[in-house]
Amino acid sequence: MAPPRISSHPILVWCGAALLAGCGVATAATGPAWQYSGEYGPEQWARMRPEWTLCGSGQRQSPVDITSAQRQSGAMLGFHYRPEALRIVNDGHTVRVRYRNGSRLLLGREALTLQQFHFHTPGGDRLNGEDFPVAVHLLHKGASGQLVSLVLLFRLGEPNTALSELLPRMPTRGLPEQTLAGSLFDPSRLLPRSTAHYRYDGSLTAPPCTEGVVWLVMKQPLTLSAAQLAQLKALFPPNARPVQPLHGRVVSEGG
Ligand SMILES: [Zn+2]
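Residue numbering note: each chain is counted from 1, following its sequence as written. In keeping with the predicted nature of the model, local features appear solely for residues at pLDDT of at least 70, side-chain atom pairs appear and are counted solely at 80 or more, and the whole-chain, interface and lining totals rest on all residues.

Remarks on the overall build of the protein
Working step 1: Counting from the N terminus, the helices are DSSP H or I runs at least four residues long and the strands are E runs at least two residues long. Each helix and strand in the protein was counted, giving five helices and 15 strands.
Working step 2: Exposure criterion: with C-beta atoms placed from backbone coordinates, a residue whose C-beta has 20 or more other C-beta atoms within 10 Å is buried, one with 12 or fewer is exposed, and one in between is partly exposed. Taking all 255 residues of the protein together, the buried fraction comes to 40%.
Working step 3: Contacts in the protein between residues far apart in sequence, at least 24 positions, make up 71% of those at least 6 positions apart. It is the C-beta atoms, placed from the backbone, that decide contacts: two residues are in contact if theirs lie within 7 Å.

A short note on the pairing of strand β10 (residues 147-156)
Working step 1: Here β10 lies mainly inside the structure; eight of its ten residues are buried.
Working step 2: As defined by bridge partners, strand β9 (residues 134-142) adjoins β10 across eight bridges and the pair is classed as antiparallel. Pairing of Ala-135 across the sheet is with Leu-153, part of β10.
Working step 3: From the end of β9 to the start of β10, which pair antiparallel, there are four residues, and Gly-145 there has a positive phi angle of about 100°.
Working step 4: In this description, strands pair whenever DSSP reports at least two bridges between them. Here four bridges tie β10 to strand β13 (residues 211-218), and the two strands are oriented parallel to one another. Paired with Val-151 across the bridge in β13 is Val-217.
Working step 5: In this sheet, strand β14 (residues 222-224) lies alongside β10 in parallel orientation, the contact comprising three bridges. Across the sheet, Phe-154 pairs through a bridge with Leu-222, a residue of β14.

Comments concerning the nonpolar core
Working step 1: Definition of nonpolar core: a set of buried Ala, Val, Leu, Ile, Met, Phe, Trp, Tyr and Cys residues joined via C-beta atoms within 7 Å. Ranked by size, the top nonpolar core spans 54 residues in total, and within it Ala-135, Val-148, Val-151, Leu-152 and Phe-154 carry the most contacts.
Working step 2: Here the element with the most residues in this core is β10; it accounts for seven residues.

Notes on unusual backbone geometry
For residues that are not glycine, phi is negative in most cases, and the peptide bond is trans in most cases.
Working step 1: Note that the residue after Ser-62, namely Pro-63, is joined by a cis bond; omega there is 0°.
Working step 2: Checked against the element boundaries, Pro-63 lands in the loop between α3 (54-57) and β1 (65-66).
Working step 3: Following Thr-121, the chain continues into Pro-122 via a peptide bond in cis, with omega recorded as -10°.
Working step 4: For Pro-122, the location among the structural elements is in the loop between β7 (110-120) and β8 (126-127).

Structural notes on the confidence of the model for the protein
Parts of the prediction with low pLDDT should not have their coordinates interpreted in detail.
Working step 1: With 87% of its residues at a pLDDT of at least 70, the protein reaches an overall mean of 89.
Working step 2: Contacts for the low-pLDDT stretch residues 1-28, under 50 throughout, to residues beyond four places or in other chains number 49 contacts. Confidence of the predictor at the level of single residues is given by pLDDT, which spans 0 to 100.

Re the pairing of strand β6 (residues 104-107)
Put simply, side chains in a regular strand alternate between the two faces of the sheet.
Working step 1: Only one face of β6 is covered, namely the one carrying Leu-105 and Leu-107; the face carrying Arg-104 and Leu-106 has none of its residues buried.
Working step 2: The pairing of strand β3 (residues 77-80) with β6 spans four bridges and is antiparallel. Across the sheet, residue Phe-79 finds its bridge partner in β6, namely Leu-105.
Working step 3: Direction of pairing for β6 relative to β7: antiparallel, over a ladder of four bridges. By the bridge assignment for β7, Leu-107 is matched with Glu-110.
Working step 4: Linking β6 back to β7 in an antiparallel pair, the connection comprises two residues, with Gly-108 at a positive phi of about 60°.

Side note on the environment of Phe-154
Working step 1: Mapped onto the elements, Phe-154 comes out in strand β10.
Working step 2: For the pair Phe-154 and Pro-221, spaced 67 residues apart in sequence, the C-alpha to C-alpha distance is 5.3 Å.

Some details on the environment of Leu-54
Working step 1: With respect to the helices, strands and loops of the structure, Leu-54 is situated in helix α3.
Working step 2: Look at Leu-54 and you get buried, because 21 C-beta atoms sit within 10 Å.
Working step 3: The spacing of Leu-54 and Glu-211 is 157 residues in sequence and 8.2 Å in space, taken between C-alpha atoms.
Working step 4: Setting aside its immediate chain neighbours within four residues, Leu-54 contacts Pro-208, Cys-209, Thr-210 and Glu-211.

Structure below.
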């Protein structure tokens, strides 16, 4: 089945822009800014603005707890990522690294361009109820505007060598995005060996919770050390939305 498409409706264009800026970031528009907890936390998002009602009423929301999946043939992933100097920022919600070198994800016959990756603590998406301390979301965009979020989940364990390279370069919040000359980073260094993955139809994980986003959750968790987790947690507050009901959605799995 063809993946759902993001239309050119103005709100969705805005959503796409928000996603590419880091899974939704507070704007200068009227009203309070959304948060991941407290008075303006996830339970309140749908009531905060009319254009955010999907956060409460949506039937295809992210993240989710994946407890079963149906095998899907021909759902192979291919990675054509390339190194680029780090363009990195800490916006107070997350640390984000932006790409514009044409790194691509092949999803079946569709090629999608890597826009950025960013970090979540805790991870958000769960596998059989397991909550992961960290996730990386790699966001891609197809020529038609289709958004694909590829999720890497991390457990506590051995130090992660890619994170060892990234963590010392992560800025504190409040600084403008900076390009670190001489700091080439290949995003494929983050990937697990196996391309086995789950796939489901989901949404942005922050207001306006726009649906029509393809989620690919890699099955093979990676590891990071307790010290690396502590370093990451010091950079921004917890930033995971609670898991959302599947509402009858079927998760598929591919190789
Ligand atoms: Zn995200």
